[in-house]
Amino acid sequence: MYRTNSLHCAVVELVALPDSRVRYTTIQNWSNNVYNLVTKRAVAYKNASVEWIDGNFGSKVTMKYPCIILKETGARGQVISIAVAGKGQHQDAGAKIIHLAPNTTSNVVAKSISQKGGRSSYRGLLKIIPGAVGAKARVQCEALLLDEQSRSDTYPTVDVRESQVDVGHEASVSKISEEQLFYLQSRGLDEVKARALIVNGFIDAFVKELPMEYAVEINRLIALEMEGSIG
Amino acid sequence: MNTVHIPSGMQVLVFDDLSHQSPELTLRLDVGAHAVVILLHVGEASVITNINLVMEGDYSQAQLYAVYVTHGKGNAQLMVNQHHLGRSTKSSVVMRVLSADNSHCMYKGMIRIDEHARGSNAHQEHKALLLSPQARAVAEPMLEVLTNDVQCGHGSAVGILDQEQLFYMQARGLTLEHARKLLLEYFCVQAFDGISDPAIKKQMYAKISEHIHNLLSEKSKV
């Protein structure tokens, strides 16, 4: 823990030249009095692909919206993110995708977990300009609320100015279902283990994108975050 | 802004011509009250409609069904708040948008579930079809959920008519224009699937069908 509130503001820029692929993976676990205000942006040229894999833990407030500008034909973008908000924390994360060229595709999967009164928000923009014919975009937000004091928000904007496109946005908010919990307990797991297993299942789509060393790390982080979360 | 207090029981409100009466409306629902709001907007007029559904009493529920067909330089906006205060309350918004020419249609929806509204169930569904390259669709379906015992979600889609369905219908002997008309009609009419009153449904179907017919015949003239 730092002695006073601190600020972290990084800027990351990726440029994916024609036919290249760039993947940027980060897992961040900040001290509980850090304001984490970060800029992340990328440009993808012809047939290039950009992938942001982003894990947000800790901090007091995180505001982070990885951006991908799909600038030339056939460019692809993907954002896979997870945020965990605990006591006194606000995770305000999302993605910004801008389709500027024909036949560009993008995919966003954003997951969040709120617990112990924490708040997590998805804030995103999906924009398709006139002429970006054949653009395809998907956004999927899933939030898990682990207790009744916690909060989840979703603030997406979808702005489509071209007719020949396929755009979809979906979001859902849920809690750990009693049924799943009951089933796992009937199989001999105690409640703590059962809840941990459900949470692990929830973030699986994220974890399986990670290199092995990171996956081990994130499983430990989740276990640490969830410690004592059952009263 | 008009505020209507809805006591227990059911109430249906129909606004089938928003270009003449664009409502700014707040519905406050008592325990067990049930409100159904139906909106139909067709045309070139620029309209902004604001609907607040406030589920104050436990077990209250509200549904909003909206179909917007815009053309010319029309700019239509629908803003809906689904505010859950009572326990075990329910709300849903279903919207379909057809935008032709240079028209814009914007949907801004907020589901807010307060701390005490446990057992609530809230959904938003928005689908738009753009009929011309200059048309524009904007969607902002927002959620603010302050407790965990809820079922809450939204979906939004923008696209073109399913080419496979069009092909199938042509293979069955329909002309392209007829197939398009049927699919566009079906797309809009779907929004009213949840309405239980058959008379209102029929009336809405007839209006939509007429407007789509006009829209398509105007287009073919150009």
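Residues numbered from 1 in each chain as written. Chains lettered and ligands numbered in written order. Predicted model: local features only at pLDDT ≥ 70, side-chain atom pairs only at ≥ 80, totals over all residues.

Draft legend 1. View of the overall build of chain B. Within chain B one finds three helices and 12 strands. Taken against the 2.2 N^0.38 rule, which gives 17 Å for 222 residues, the C-alpha radius of gyration of chain B at 18 Å falls within 12% of a compact globule. If you line up chain B on its principal axes, its C-alpha atoms span 55 × 35 × 35 Å. A separation of at least 24 residues holds for 77% of the contacts in chain B among residues at least 6 apart in sequence. (Helix = DSSP H or I, 4+ residues; strand = E, 2+ residues; numbered from the N terminus. Rg over C-alpha atoms; globule rule 2.2 N^0.38 Å. Contact = placed C-beta atoms within 7 Å.)

Draft legend 2. Molecular detail of the packing of helix 1 (residues 163–171) of chain B against helix 2 (residues 176–189) of chain B. Residue and element names in this part refer to chain B. The contact between helix 1 and helix 2 brings their axes to 9 Å, and the two run at 130 degrees. Taken together, the axes of helix 1 and helix 2 are oblique relative to one another. Of the two possible hands of crossing, helix 1 and helix 2 adopt the one that is right-handed. Mapping the contact onto sequence places Gln165, Leu166, Met169 and Gln170 in helix 1 and Leu176, Ala179, Arg180, Leu182 and Leu183 in helix 2. (Axes fitted to C-alpha atoms, helices over the stretch in contact; angles between N-to-C directions. Parallel < 35°, antiparallel > 145°, perpendicular 65-115°, else oblique. Left-handed = near helix turned anticlockwise from the far one by under 90°.)

Draft legend 3. Representation of the environment of Asn219 of chain A. All names here are of chain A. Take Asn219: it is sitting in helix 4 (residues 212–226). Taking the number of C-beta atoms within 10 Å as the measure of exposure, Asn219 has 15 and is therefore partly exposed. Between the C-alpha atoms of Asn219 and Val160, which are 59 residues apart in sequence, the distance is 38 Å. (Buried ≥ 20, exposed ≤ 12 C-beta atoms within 10 Å, placed from the backbone.)

Draft legend 4. Looking closely at the confidence of the model for chain B. Per-chain confidence: chain B averages 91 in pLDDT, with 98% of residues scoring 70 or above. Among the prediction metrics, the complex's ipTM stands at 0.87, with pTM recorded as 0.90. (pLDDT = per-residue confidence, 0-100.)

Draft legend 5. A look at the pairing of strand 10 (residues 120–130) of chain B. All names here are of chain B. With eight of 11 residues buried, strand 10 lies mostly within the body of the structure. Of the pairings in the sheet, the one linking strand 8 (residues 90–99) to strand 10 comprises 10 bridges and is parallel in character. From the neighbouring strand, Ser91 faces strand 10, where its bridge partner is Ala122. Two elements, strand 10 and strand 12 (residues 150–159), share 10 bridges in a ladder whose sense is parallel. Across the sheet, the residue bridging to Lys127 is Ala157, located in strand 12. (Pairing = 2+ DSSP bridges.)

Draft legend 6. Focus on the interface of chain A and chain B. Facing the 30 residues of chain A at the interface are 29 residues of chain B. Contributions of two or more residues to the side of chain A that touches chain B are made by strand 13 (151–160) and strand 14 (165–175) of chain A. The pairing of strand 13 of chain A with strand 11 (residues 136–145) of chain B spans six bridges and is classified as antiparallel. Residue Ser152 of chain A lies in a different strand from strand 11 of chain B, and its bridge partner there is Val145 of chain B.

Draft legend 7. Main features of the sheet that holds strand 12 of chain B. Here we have 12 strands laid out as an open sheet, ordered 3(A)-5(A)-8(A)-10(A)-12(A)-14(A)-12(B)-10(B)-8(B)-6(B)-4(B)-2(B), and mixed in their pairing. The sheet is open, and its two edges are formed by strand 3 (21–30) of chain A together with strand 2 (9–15) of chain B, each paired on a single side. Neighbour to neighbour, the strand axes of the sheet diverge by 5 degrees on average, direction disregarded. Sheet topology places strand 5 (residues 49–58) of chain A next to strand 8 (residues 76–85) of chain A; eight bridges connect them, and they run parallel. In the sheet register, Ser49 of chain A faces strand 8 of chain A, and the bridge partner there is Arg76 of chain A. Contacts between helix 2 of chain B and the sheet are confined to strand 6 (61–70), strand 8 and strand 10 of chain B, with strand 8 of chain B contributing the most and set at about 155 degrees to the helix.

Draft legend 8. Region of interest: the nonpolar core. Counting 115 residues, the largest nonpolar core has Ala44 of chain A together with Leu64 and Ala66 of chain B as its most contacted members. Residues within four places of Ala44 of chain A in sequence aside, it is in contact with Ala16, Ser49, Val50, Ile68, Leu70, Lys71, Ala75, Arg76 and Gly77 of chain A. (Core = buried A, V, L, I, M, F, W, Y, C linked by C-beta atoms within 7 Å.)

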